[in-house]
Amino acid sequence: MSSRRSNQRRPARRPSNSTGFDGRSDRASRDGAYTRRDSFDPSAYGRFSDSSRTPSPRSTRDDDNPYTRRVSQAEYTQRRKRAKRKRIALVAVAVVLVLCLGGAGAAFAYYQTVSNNLHQGIDDDLARTLAAAEAAHPYEGGPFYMLLMGTDGSSDREASAEYAGDQFRSDSMMVTRIDPQGKKVALVSLHRDTLVDMGEYGQQKLNAAHSIGGASYTVETVSKLAGVPITHYAETNFDGFKDIVDALGGVEVDVPMTIDDEDAGGHVDEGLQTLNGDQALILCRARHAYDEFGDGDRYRAANQRLVLSAIAKKILTSDAATMVGSVQALSQYVTTDLEITDILSIAQSMRGLDPEKDIYTAMEPTTSAYINGGWYEYLDAKAWKTMMSRVDQGLPPTEEDEVDETSGTVLATTGSGEANEEKKSAPPSSNDKKSSTVVVKNGNGLAGAGAEAAEKLEARGYTVETGNADSFDYTQTIVIYERGDQATEAREIANAIGVGKAQQNTGEYVFDGDFLVVLGADW
């Protein structure tokens, strides 16, 4: 299975009114921009009337009492197998708890505490929606679909006067197929700006579903969009995400490129490293670090999948006691309908999973459009149908791995392991000798700054010319390049000197050489 590099440039996106990890509202969607009113059929979204949802007294008795009707030998055997599976799972979990906690009483207290934590925030509407999906697609131990959501309900946003009383929108959404028996997971990110027909609410961006009807309506809308039954749900806000990573003692991630994004929270170095909670959150929030490449949401979603894979690896490679402790820590920051017995049973089944081979990742195929001052994503229906058909068959969402050539970001993985090979065979890294000419200008007035930067670049093989900038008022170091194919090397120059933001020349800077470095106050 081959891999492909993606160097397609999307329009740089920095909408002024978007909902993101930075907590900005999407006023274009909220004000009803690009809205169409249609008739609304509640049944299309999986809602049920009271009569269809509530069984009659007789049917309830029949379901509860196996002796009220005759059953075939095959059906009887199937029931016994199903009950046995549940008993085995419960016994296994009970044994783990007793061993880890030192007694049945402690295990019971643990179970109650963690269960209450996990289910806090699961309202009646969401519970009914998931129960209806589960009833239509009973779980038999095989694959199931879950919606993973990150919301912008952080403490900073709650304290903001601008968003006081606001119903938080979903910012990160992933349709997740989990196969405990096959030890496979597929993560498909959904673009928050995808234009969706929401019936009586008109044409809306997908992330508006959460502000319209909460998690329940989001599950219904996503299930309809993806064409798969979503029977489980998990949600975390951004404060919790940071704490989850710290509770696990950090996670090992190969960061594809250096992140300098004030809106995301700061700086993260490129390369393989153990990220703490703050660093992981910066990586998962960063959009504007990718403005020069195009659609920042697509790169951000890829990084979120990267971090989630690292979290899964950390948990699933731990021993039983650590796994139990991890679930307890997660329960403080994650809301889910799953019981602790379900989580531990699934985790035990998935032990041995290799994230590089057994976790498939991709993003919903869309095309971007800028309409009335806001960005919208239009679903490629044919490609989307093909993708979800593959996922439903247990295949990777895409036929090939996809690596963005300019940033090194892995946009899609098939479990072939070729995405990492593609990164290794990407353009020369900052450790290789270079032949380009770099003009270094001192823009901060610090004596010797230019000479010091020149020394670092000359050690990498660059020919360097130094001098003073037009002023000493530069606050940020910048690396200017002329052509789009120079973007990667410009970032490598920034990495070589330890600071700087790469940006393409718009005609503002005139210099002799391949690259221009202006040292700012951050040097």
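Details of the structure are given in the entry above.
Residues numbered from 1 in each chain as written. Predicted model: local features only at pLDDT ≥ 70, side-chain atom pairs only at ≥ 80, totals over all residues. Heavy atoms only, no water.

Participant: What's the story with the overall build of the protein chain in this structure? I'm lost.
Facilitator: Scanning the protein chain from N- to C-terminus turns up 18 helices and 22 strands. Taking all 523 residues of the protein chain together, 49% fall into the buried category. A sequence separation of at least 24 residues applies to 72% of the contacts in the protein chain between residues at least 6 apart. When the accessible surface of the protein chain is split by element, carbon and sulfur atoms take 49% of a total near 24,400 Å². (Helix = DSSP H or I, 4+ residues; strand = E, 2+ residues; numbered from the N terminus. Buried < 20%, exposed > 50% of the residue type's maximum accessible area, 1.4 Å probe, protein only. Contact = heavy atoms within 4.5 Å. Areas by Shrake-Rupley, 256 points an atom, 1.4 Å probe, with all protein chains shown as cover.)

Participant: Looking at this model, I keep getting lost on the environment of Ala502. Mind explaining?
Facilitator: Counting through the fold element by element, Ala502 comes out in strand β21 (residues 501-504). In contact with Ala502, other than residues within four places in its own chain, are Glu292, Val479, Tyr481, Ala490 and Arg491.

Participant: Help me understand unusual backbone geometry in this model?
Facilitator: For residues that are not glycine, phi is negative in most cases, and the peptide bond is trans in most cases. Positioned with a positive phi, Lys183 is a non-glycine residue whose angle comes to about 55°. For Lys183, a relative accessible area of 29% corresponds to the partly exposed category. Even without being a glycine, Asn372 presents a positive backbone phi close to 50°. Inspection of the secondary structure puts Asn372 in the loop between β14 (366-371) and β15 (374-379). Taking the relative accessible area as the measure of exposure, Asn372 reaches 63% and is therefore exposed.

Participant: What am I meant to see in the packing of helix α10 (residues 277-285) against helix α11 (residues 296-316) here?
Facilitator: When two helices pack together, their arrangement is given by the angle between the helix axes and the distance between those axes. With their axes 7 Å apart at the nearest point, α10 and α11 run at an angle of 145° to one another. Every residue of α11 that contacts α10 at Ala280, Leu283, Cys284 and Arg285 is listed here: Arg300, Asn303, Gln304 and Val307. Split into classes, the residues belonging to the contact of α10 with α11 amount to four nonpolar, two polar and two charged. (Axes fitted to C-alpha atoms, helices over the stretch in contact; angles between N-to-C directions. Nonpolar A, V, L, I, M, F, W, Y, C, P; charged D, E, K, R; others polar.)

Participant: When you look at the nonpolar core in this model, what are you seeing that I'm missing?
Facilitator: Burial of nonpolar side chains together is a common tendency in soluble globular proteins. Ile259 and Leu457 are the most contacted members of the largest nonpolar core, which has 74 residues in total. Ranked by residues supplied to this core, first place goes to α11 with seven residues. If near-sequence neighbours (up to four positions away) are discounted, Ile259 is found in contact with Gly266, His267, Val268, Ile282, Leu283, Ala286, Ala289 and Tyr290. In this structure, Ile122, Leu206, Met388 and Ala412 belong to the second largest nonpolar core, which totals 31 residues. (Core = buried A, V, L, I, M, F, W, Y, C linked by side-chain atoms within 4.5 Å.)

Participant: Would you explain empty space enclosed by the protein in this entry?
Facilitator: One water molecule sets the probe size; rolling that probe over the atoms shows where empty space is left. Tallying each qualifying case throughout the model produces six cavities of 30 Å³ or more. Considered as a void within the structure, the largest cavity measures approximately 1,100 Å³ in volume. Around the largest cavity, the lining comprises 38 residues; the ones closest to its centre are Leu148, Ala234, Leu308, Ile311 and Leu330. Listed by contribution, the elements that provide at least two residues to the lining of the largest cavity are β2 (144-151), β3 (170-179), β4 (184-190), β7 (230-237), α9 (238-247), α11, α12 (320-331) and α13 (340-349). The dominant element in the lining of the largest cavity, judged by the number of residues it contributes, is α11, at seven residues. Here the residues of the lining of the largest cavity sort into 30 nonpolar, seven polar and one charged. Estimates place the volume of the second largest cavity at around 90 Å³. Contributions of two or more residues to the lining of the second largest cavity are made by β3, β4 and α11. No other element matches α11, which puts four residues into the lining of the second largest cavity. For the lining of the second largest cavity, the per-class residue count stands at four nonpolar, four polar and four charged. (1 Å grid on protein atoms, 1.4 Å probe; cavity = no way out; pocket = protein on both sides within 12 Å on 5 of 7 lines; lining within 4 Å. Points joined across faces, edges and corners; volume = space filled by probe spheres on them.)

Participant: Looking at this structure, I do not really get the environment of Pro397. What am I missing?
Facilitator: The residue Pro397 is located in the loop between α15 (381-392) and β16 (401-404) in this model. The exposure class of Pro397 is buried, given its relative accessible area of 3%. In the structure, Pro397 is positioned 17 residues away from Thr414 in sequence and 7.3 Å away in space, judged by C-alpha atoms.

Participant: How should the sheet that holds strand β20 (residues 478-481) be read in this particular structure?
Facilitator: Sheet strands line up and pair through hydrogen bonds in the backbone, either parallel or antiparallel. Pairing within the open sheet is mixed, and its five strands lie in the order β19-β18-β22-β20-β21. Edge positions in the sheet fall to β19 (463-468) and β21, since each has one partner strand and no second. Across the sheet, the axes of successive neighbouring strands diverge by a mean angle of 20°, strand direction being ignored. Pairing between strand β18 (residues 437-442) and strand β22 (residues 515-519): five bridges, direction parallel. In the sheet register, Val439 faces β22, and the bridge partner there is Leu516. Its contacts with the sheet place helix α17 (residues 449-458) against β18, β19 and β22, and it is angled at close to 160° to β18. (Pairing = 2+ DSSP bridges.)

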